[in-house]
Amino acid sequence: MILILFYLRKMPEKEEDHLTPATKLLEKRREMGEVETALAAEKEEFQMKMESLAQRRIELEKKEMQLKESVIKFDKFLKENDAKLSRAVKKAEDERDLQKAKQKEIERLQSEIESLTTLKEKLQRKVQKNSKFNRYLEQSVEALDEFQEIREVIDRYETLTTNYKDLLEIEKENQERINDSRKELNTYLERKNYEILTMNNELAELQTKLDRCQNESHKAENEWNHIQTTAAGKTLLIGETRMAIRNLYQLVMAHHGKNSEKNVDVDTDHQLKKVQEFVNDLTKITNELSREGLAYYSTGSIN
């Protein structure tokens, strides 16, 4: 496009008034040819630039891929270095811990060596101190036919010591069994004494209940005797009352001129009712007679 503009600027300005139409046409065709030539050259140059750009793009993509691969490799390298560094640090820490443990073990062993050395010196002093007993054992072996060596005397002593300890252990176990048995016996006696006390209390309560029941029984018996006595008296009184009511009834019937023998089976209530009616009638008659007598005497007094 720049080339076309260049050609357009190169073209001289002519006086169109001095050119013929054919000349102008040829001139225009020539100009068009130059423009087309310039345009073709521009297209070719543009195509070449596009191809160059495409090639550069491909190269850039390849370089980008290579860069990505480099970055991945570098990242992997860094991770591997970090892992190696972590392992190295852990290994250093482990070695440091191991060194500390070894140092502690060395100190413990040194302390143990010192303790053993002290024990050795102590045993040496003890051996020196007990050497007289060794001489005594040698003399004992020489004097006694029962033992041939000092070791036999020591074995016999250890055997006797072991038996003595066993006997002490057995005695201790027996004493513990005795104590356990004594505790069980005391517990049993306490339980039985409590049961006896409980039974005595229950027996006392039962005796109290028995005494109360006997008293109530005597009271009930006395009441029953009193009831029987009272009932007998009441029965006698009822019989006498019935006899009196019957006699009165017979008198009433005789007063009315009726035969009372016919009414022997009449119940006592009926007899008493008849007697009451007779008494009421007799009371009315008596009251009337009394009033008449009073009236008579009152009249006589007036006269």
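Residues numbered from 1 in each chain as written. Predicted model: local features only at pLDDT ≥ 70, side-chain atom pairs only at ≥ 80, totals over all residues. Heavy atoms only, no water.

### Thoughts on the overall build of the protein
Inclusion rule: Under the DSSP-based scheme used, a helix requires at least four consecutive residues in state H or I and a strand at least two consecutive residues in state E, with every element numbered from the N terminus. Classification of residues uses two cut-offs on accessible area relative to the type maximum, computed with a 1.4 Å probe and protein chains only: under 20% is buried, over 50% is exposed, and between them is partly exposed. By definition in these notes, contact holds between two residues if any of their heavy atoms fall within 4.5 Å. In this description, accessible areas are obtained by the Shrake-Rupley approach with a 1.4 Å probe, and a residue is regarded as covered only by the protein chains that are shown.
Within the protein one finds 4 helices and 0 strands. Mapped from its N terminus to its C terminus, the protein presents α and β elements in the order α-α-α-α. Here the protein, with 303 residues, has 5% of them falling under the buried criterion. For the protein, restricting intrachain contacts to residue pairs at least 6 apart in sequence, the fraction spanning at least 24 positions comes to 38%. About 27,300 Å² of surface is accessible on the protein, with carbon and sulfur atoms providing 57% of the total.

### Comments concerning the pattern of salt bridges
If charged atoms from side chains of opposite charge come close, those side chains can pair. Cut-off, in case you're wondering: Salt bridges are counted wherever a side-chain nitrogen of Lys or Arg sits within 4 Å of a carboxyl oxygen of Asp or Glu.
What the rule picks out here adds up to 11 salt bridges. We note a salt bridge from Lys49 to Glu45, for which the minimum N-O separation is 3.6 Å. Of the two residues, Lys49 and Glu45 both sit in helix 2 (residues 21-143), 4 residues apart, roughly one turn of that helix. For Glu45, a relative accessible area of 39% corresponds to the partly exposed category. In this structure, Glu112 engages Arg108 in a salt bridge whose closest nitrogen and oxygen atoms are separated by 3.1 Å. Placement of the pair is Glu112 and Arg108 together in helix 2, with a separation of 4 residues, close to one helical turn. Classification of Arg108 by relative accessible area gives partly exposed; the value is 44%.

### Focus: the confidence of the model for the protein
Rule in force here: Confidence per residue, as judged by the predictor, is encoded in pLDDT with a range of 0 to 100.
Averaged over all residues, the pLDDT of the protein is 78; the fraction at 70 or higher stands at 83%. By mean pLDDT, the top-scoring element of the protein is helix 2 (84), and the lowest-scoring one is helix 1 (residues 2-10) (45). Predicted confidence is poor over residues 1-15, with pLDDT under 50, and the contacts of this stretch with residues over four places away or in other chains come to 14 contacts.

### What to know about a negative patch on the surface
Selection criterion: Two joining distances apply to patches: 9 Å for like charges and 5 Å for nonpolar side chains (Val, Leu, Ile, Met, Phe, Trp, Tyr), and every residue must have over 30% relative accessible area and no salt bridge. Charged residues are defined narrowly, with Lys and Arg counted positive, Asp and Glu counted negative, and His plus the chain ends left uncounted. All charge positions are set by atom: Lys at NZ, Arg at CZ, Asp at CG, Glu at CD.
A contiguous patch of negative charge on the surface is contributed by Asp166, Glu169, Glu176, Asp180 and Glu184. If you trace the backbone, Asp180 turns up in helix 3 (residues 150-255). Accessibility expressed as a relative area gives 41% for Asp180, which makes it partly exposed.

### Some points on a positive patch on the surface
Together, Lys122, Arg125, Lys126, Lys129, Lys132 and Arg135 give the surface a local cluster of positive charge. Mapping Arg135 onto the fold places it in helix 2.

### Comments concerning a nonpolar patch on the surface
Where nonpolar side chains cluster on the molecular surface, the patch consists of Phe46, Met50 and Leu53 and spans about 310 Å² of accessible area. Here Leu53 lies in helix 2.

### Things to note about the environment of Asn247
With respect to the secondary-structure elements, Asn247 resides in helix 3. With a relative accessible area of 37%, Asn247 lands in the partly exposed category. Put simply, Asn247 and Gln271 are 24 residues apart on the chain and 9.5 Å apart in space, counted from C-alpha to C-alpha.

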